[in-house]
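# Survey of secondary and tertiary structure
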Amino acid sequence: MRSVARSVPAPADLGVDVLGVPVGTPIDVELRLEAVMEGVLVSGTARAQVSGECVRCLDPITQTVVVELQELYAYPGREPDSDEDEAELHQLEGDLLDLEPVLRDAVVLALPFQPLCRDDCPGLCSECGARLADEPGHGHETGDLRWAALQGLLDRPRPQQGETQHSTAETTTKET
Ligand SMILES: [Zn+2]
Ligand SMILES: [Zn+2]
């Protein structure tokens with residue numbers, strides 16, 4: 001059994017669209033390498049800083065992710081078992097093992113699909129784009145301005161023939 005602790009630069013495109021590990025930033029990897037019958041069992045953790053944007057308010061986000069890694073790296077020449085996909089079989093390359101695909105899978109799985117700057121981020125106003133966290137009570141009472149213009153047309157009094165008679169009738173009622 002051997003322990004390995006190492007800081008490695010992040011490969012390109014490690015993450016998802018909205019959140020990922022910036023290329024070249026350090027990933028701290030702590031691994032245990034155990035010799036087993038078929039090869040080397042690798043287990044441990046990787047810690048990295050991810051950055052991205054809040055999906056609601058688009059503020060920049062930086063988070064630390066820690067992922068658990070565990071993978072068997074087989075000795076070269078071993079045929080995959082019948083229930084194994086050859087693409088999923090990791091092999092030792094001489095004294096080396098390629099951690100990147102395993103690290104990539106683990107990091108992508110650990111990232112939230114909808115990262116938020118905070119759990120209750122109110123996001124942006126759907127009408128004007130204002131950051132609602134900055135403006136408590138923000139709102140638009142008039143609603144959409146285009147509808148407001150139409151409403152003005154509807155409210156305008158229309159000249160009608162019966163109108164004069166009606167008001168006369170009302171006056172009469174009051175007089176009696
Ligand atoms: Zn936010
Ligand atoms: Zn607004």
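Residues numbered from 1 in each chain as written. Chains lettered and ligands numbered in written order. Predicted model: local features only at pLDDT ≥ 70, side-chain atom pairs only at ≥ 80, totals over all residues.

Within the protein chain one finds three helices and seven strands. Starting at the N terminus and ending at the C terminus, the protein chain contains elements arranged as β-β-β-β-β-β-β-α-α-α. For the protein chain, long-range pairs separated by at least 24 residues make up 52% of all intrachain contacts whose partners lie at least 6 apart in sequence. (Helix = DSSP H or I, 4+ residues; strand = E, 2+ residues; numbered from the N terminus. Contact = placed C-beta atoms within 7 Å.)

What follows deals with the nonpolar core. Most often, soluble globular proteins have nonpolar side chains that are buried together. Core analysis: the largest hydrophobic core is formed by 13 residues, its most contacted members being A10, V21, I27, A48 and V107. Of all the secondary-structure elements, those providing two or more residues to this core are β3 (19–21), β5 (39–53) and α1 (100–110). It is β5 that provides the largest number of residues to this core, a total of three residues. (Core = buried A, V, L, I, M, F, W, Y, C linked by C-beta atoms within 7 Å. Buried ≥ 20, exposed ≤ 12 C-beta atoms within 10 Å, placed from the backbone.)

Here we come to unusual backbone geometry. Glycine aside, negative phi is the norm for most residues, and most peptide bonds take the trans geometry. Of note in the backbone geometry, D13 takes a positive phi value of approximately 55 degrees without being a glycine. Within the chain, L58 stands out as a residue other than glycine whose phi angle is a positive 65 degrees. Here L58 shows up in the loop between β5 and β6 (60–74). C-beta crowding within 10 Å serves as the criterion here: with 14 such atoms nearby, L58 is assigned to the partly exposed category.

Examined bridge by bridge, β3 and β5 share two bridges and lie antiparallel to one another. When the bridges of β5 are listed, L19 appears paired with G52. Taking the residues between adjacent antiparallel strands as the criterion, strand β4 (residues 26–35) and β5 are bridged by three residues. Of the strand pairs in this sheet, β5 and β6 are connected by 15 bridges, and their pairing is antiparallel. When the sheet's bridge partners are listed, R47 is paired in β6 with V66. Remark: six residues form the turn of the hairpin made by β5 and β6, two consecutive strands paired antiparallel; L58 in that turn has positive phi of roughly 65 degrees. (Pairing = 2+ DSSP bridges.)

By the criterion of burial, strand β1 (residues 2–9) is predominantly exposed, with just zero of the eight residues buried. For β1 and β4, the ladder comprises eight bridges, and the chain directions are antiparallel. Opposite R6, over in β4, you have V29 as the bridge partner.

Predicted coordinates in areas of low pLDDT are best not read in detail. The pLDDT averaged across the protein chain works out to 84; a share of 74% of its residues lies at or above 70. Counting interchain partners and residues more than four positions distant, the pLDDT-below-50 stretch residues 163–173 has zero contacts. (pLDDT = per-residue confidence, 0-100.)

Next up on the list: the environment of V18. As for its placement among the helices and strands, V18 is situated in the loop between β2 (14–16) and β3. Sequence separation of V18 and I61 is 43 residues, and the distance between their C-alpha atoms is 9.8 Å. Among all residues touching V18, those that are not within four sequence positions of it are G52, E53, V55 and P115.

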